[in-house]
Amino acid sequence: MTVLVLLDHEGSVIKQPSRSAVAAAMKLGEVHALVAGTNPEAAAAAAAIAGVAKVIVAGDVAYDHAMAEPLAALLVALAPGYTHLLAGSTAIGKNVMPRAAALLDVQPISDVAAVIDADTFIRPIYAGNALATVRSSDAIKVITVRAASFDPAPSEGGHAPIEAAAAVAIPSLSRFVSAELSKSERPELTAARVVISGGRGMQNGENFKLLDPIADLLGAAVGASRAAVDAGFVPNDYQVGQTGKIVAPDLYVAIGISGAIQHLAGMKDSKVIVAINKDEEAPIFQVADYGLVADLFTALPELADELARP
Amino acid sequence: MKILVPVKRVVDYNVKVRVKADGSGVETQGVKMSMNPFDEIAVEEAVRLKEKGIATEIVAVSLGLANCAETIRTALAMGADRGILVETDVELQPLAVAKLLRAIVQKEQPGLVVMGKQAIDDDMNATGQMLAALLGWAQGTFASKVVIDGSKAVVTREVDGGLETVEIHLPAIVTTDLRLNEPRYASLPNIMKARKKPIETMKPADLGVDPAPRLTTVSVAEPPKRQAGVKLKSVAELVAKLKLEAKVI
């Protein structure tokens, strides 16, 4: 069995969810990695990932913004050599893989959290309140991988050969216009070892700055609940939850977050969960290893001081 | 321009779902059902486009058991003009839904299909992308803003790093994210009016589609439960626990 993994890349970095997809692919067979777009550094980075046996490069400018229409057509052209097509459950993977699956007359399997065998997978349903084991009868499996469920393949140690893909006709249905990406010096939410998130209890966007010194001290990414995003405190890409990002850091710190089901779906696989909330009945305390019933506006400065102490 | 809006009947988002004792699925008997929240956003967006004079007619489509007609009525009460129910008791997976919707699109010839990005029951996040593929149309997924501009749509999408704007040729598929709009509540007069709006009923065979599922559910289980931990008295105690007991900082 040979598995093709579509990689998300930026400069010389292969995104961590893609390396988790490589780890999932290694449970299925030989792993080939697909790098689409004009990014010469990414091919070398992909070749260095431990476990990748071959890198396929489709160096057409049409793939540069990972638009679904051309990428799905590329995957379909490459599919005959593979038993499985995989990608991380990222914005790109979720956009592209179902489109490719439909073109192949395949029912995709989204957000796979465990590989049982070549046909059988476990995936969360109902915001992670149930885990379904599903078996596919399709000849080729099209899968997105829940990154938090697989330790990413190491970014070094591999020496895979790099090969160019044959050119594929580019559908002219869509055009990239612009991107407005949040700029941050902090680690990405899905890759961070520590995540500190704020909820409705933060009251406004300005107060999110109270999280900054703590995030700096812990090397943490900053996230938010859906309530905080819907209220406009922070941009959408901060959202942790069923419909936002799924994270599983070593330490998750929930500040002023009540713990709605859909938020828990995005963070309950974290190794250690801390909750600070003034409502002692908040459901977040039912999943927190360490809870502190306190007003966050006094607790946060204290926490920053305490962490800064040598 | 005609807009087609597929709507799914799902377990209400406020319900705490329970896995059936025999592990065959999730209990849906006697549980409150509602329109999938992302589909409500899709209906709202279509109604706003009609209010702006861009859309001329909104057709709400639902697929599944006969009681999906209730979900169509909700869409009609929000402002959709008529409904189509594809009635079947077969478990419908996204590929089958996309094929059924393709057949309806070919009959109805809408200029735009607006649909939820994901149903909150199976959490697949696939049907819109698949319908776009089967039709050979462009897709604007996870939309937080949609502007119709003649023969194209400019769609702002919620992506991992922030927002991205794409231009797609019409006809096209748009799937809705949470921040696209806030759906209205149907007023009582509109609920009454919706009762008189027509719903056409058909079967998958009428559309020439075999809806058989490709995925077999082997079992459904509860996820491992997290134990509630301890409540601490102070920030100092918390930091000490994290350093000495959990050893995560």
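Everything discussed here concerns the structure shown above.
Treat the numbers as computed from the prediction; the structure is a model and nothing was measured.

Student: Teacher, can you tell me more about the packing of aromatic side chains here?
Tutor: Aromatic ring pairs: the centre-centre distance and the angle between the two ring planes describe each pair. Scanning the model with the defined rule gives one aromatic pair over all chains in all. Taking NZ or CZ as reference, Lys117(B) lies 5.7 Å from the ring centre of Phe142(B), over its face. One Lys or Arg, Lys231(B), reaches over the ring of Phe285(A) and ends 4.8 Å from the middle of that ring.

Student: In this structure, what is going on with the pattern of salt bridges? I would like to understand it.
Tutor: Pairing of side chains with opposite charge becomes possible as their charged atoms draw close. Taken as a whole, this structure holds 36 salt bridges over all chains when the rule is applied. Across the pair Lys8(B) and Asp122(B) runs a salt bridge, and its minimum N-O distance is 3.7 Å. Residue Lys8(B) is located in the loop between strand S1 (2-6) and strand S2 (9-11), and its partner Asp122(B) is located in the loop between strand S6 (112-116) and helix H4 (127-135); the two are separated by 114 residues in the primary sequence. Three or more residues are tied together by salt bridges with common partners; here these are Asp105(A), Asp138(A), Lys99(B) and Arg214(B).

Student: Please explain helix H2 (residues 40-48) of chain A as it appears in this structure.
Tutor: Structural remark: α-helix, 3.6 residues per turn; residues separated by three or four positions point the same way. Those residues of H2(A) that fall on the buried side of the exposure criterion are Ala42(A), Ala43(A), Ala45(A), Ala46(A), Ala47(A) and Ala48(A). Buried residues along H2(A) sit against strand S2 (9-10), strand S3 (13-14), strand S4 (30-36), strand S5 (52-58) and strand S12 (162-164) of chain A.

Student: Teacher, can you tell me more about helix H1 (residues 37-51) of chain B here?
Tutor: Residue and element names in this part refer to chain B. For H1, which comprises 15 residues, the first-to-last C-alpha distance of 21 Å matches the rise-based estimate of 21 Å (1.5 Å per residue) to within 8%. Buried residues of H1: Phe 38, Asp 39, Ile 41, Ala 42, Val 43, Glu 44, Glu 45, Ala 46, Val 47 and Leu 49, and no others. Looking one or two residues past H1, Gly 53 carries a phi angle of roughly 85 degrees, positive in sign.

Student: Explain the interface of chain B and chain A to me, please; I cannot follow it from the model alone.
Tutor: Frequently, the measure chosen for interface size is the accessible area removed from exposure when the parts meet. Chain B puts 76 residues into the contact, and the matching count from chain A is 84 residues. Counting the surface lost from both chain B and chain A, the interface buries some 6600 Å², and carbon and sulfur atoms represent 55% of this. At the boundary of chain B and chain A, one finds six salt bridges. Where chain B touches chain A, the interface holds 45 residue pairs in polar contact (both at pLDDT 80 or more). When contributions to the side of chain B that touches chain A are tallied by element, the ones reaching two or more residues are helix H3 (94-108), H4, strand S7 (138-149), strand S8 (152-159), strand S9 (162-169), strand S12 (215-221), strand S13 (230-232) and helix H6 (235-245) of chain B. The residue makeup of the side of chain B that touches chain A, split by class, is 39 nonpolar, 18 polar and 19 charged. Two elements, strand S13 (residues 174-181) of chain A and S9(B), share seven bridges in a ladder whose sense is antiparallel. Pairing of Phe176(A) across the sheet is with Val166(B), part of S9(B).

Student: What should I look at first to understand the environment of Pro124(A) in this one?
Tutor: Along the chain, the position of Pro124(A) falls in strand S9 (residues 120-125). For the pair formed by Pro124(A) and Ala215(A), sequence separation is 91 residues and the distance between their alpha carbons is 30 Å. Apart from residues no more than four positions distant in its own chain, Pro124(A) is found in contact with Asp111(A), Ala113(A), Ala130(A), Leu131(A), Arg146(A), Asp122(B) and Asp123(B).

Student: Would you mind showing me how to read the nonpolar core here?
Tutor: Taken as a class, soluble globular proteins show a tendency for nonpolar side chains to be buried jointly. Residues Val5(A), Leu7(A) and Leu86(A) are the most contacted members of the largest nonpolar core, which totals 75 residues. Broken down by element, this core gets its largest block of residues, nine residues, from H3(B). Contacts of Val5(A), omitting those with residues within four sequence positions, involve Ser18(A), Ala21(A), Val22(A), Ala25(A), Val31(A), His32(A), Ala33(A), Leu34(A) and Leu86(A).

Student: Looking at this structure, how should I read unusual backbone geometry?
Tutor: All names here are of chain B. Going from Leu 170 to Pro 171, the amide bond is cis rather than trans, its omega being 0 degrees. Mapped onto the elements, Pro 171 comes out in the loop between S9 and strand S10 (172-176). Although it is not a glycine, Gln 109 adopts a positive phi angle of roughly 55 degrees. By relative accessible area, Gln 109 is classed as exposed at 60%.

Student: I would appreciate a short explanation of the sheet that holds strand S8 (residues 114-115) of chain A in the present structure.
Tutor: Each strand in a sheet pairs with its neighbour through backbone hydrogen bonds, running either in the same direction (parallel) or in the opposite one (antiparallel). Strand order in the open sheet made by the four strands is S8(A)-S9(A)-S10(A)-S12(B), with antiparallel pairing throughout. Strands at the two margins of the open sheet, each flanked by one partner only, are S8 of chain A together with S12 of chain B. When strand S10 (residues 130-136) of chain A meets S12(B), the two strands line up antiparallel, connected through six bridges. Across the sheet, the residue bridging to Thr133(A) is Ser219(B), located in S12(B).

Rules used throughout
Residues numbered from 1 in each chain as written. Chains lettered and ligands numbered in written order. Predicted model: local features only at pLDDT ≥ 70, side-chain atom pairs only at ≥ 80, totals over all residues. Heavy atoms only, no water. Phe/Tyr/Trp six-rings, centres within 6.5 Å; stacked < 30°, edge-to-face > 60°. Lys NZ or Arg CZ within 6 Å of the ring centre and 35° of its normal. Salt bridge = Lys/Arg side-chain N within 4 Å of Asp/Glu carboxyl O. Helix = DSSP H or I, 4+ residues; strand = E, 2+ residues; numbered from the N terminus. Buried < 20%, exposed > 50% of the residue type's maximum accessible area, 1.4 Å probe, protein only. Contact = heavy atoms within 4.5 Å. Expected span 1.5 Å × (residues − 1). Buried area = accessible area lost by both parts, 1.4 Å probe. Polar contact = N/O pair within 3.5 Å; in protein donor to acceptor, adjacent residues only side chain to side chain. Nonpolar A, V, L, I, M, F, W, Y, C, P; charged D, E, K, R; others polar. Pairing = 2+ DSSP bridges. Core = buried A, V, L, I, M, F, W, Y, C linked by side-chain atoms within 4.5 Å.

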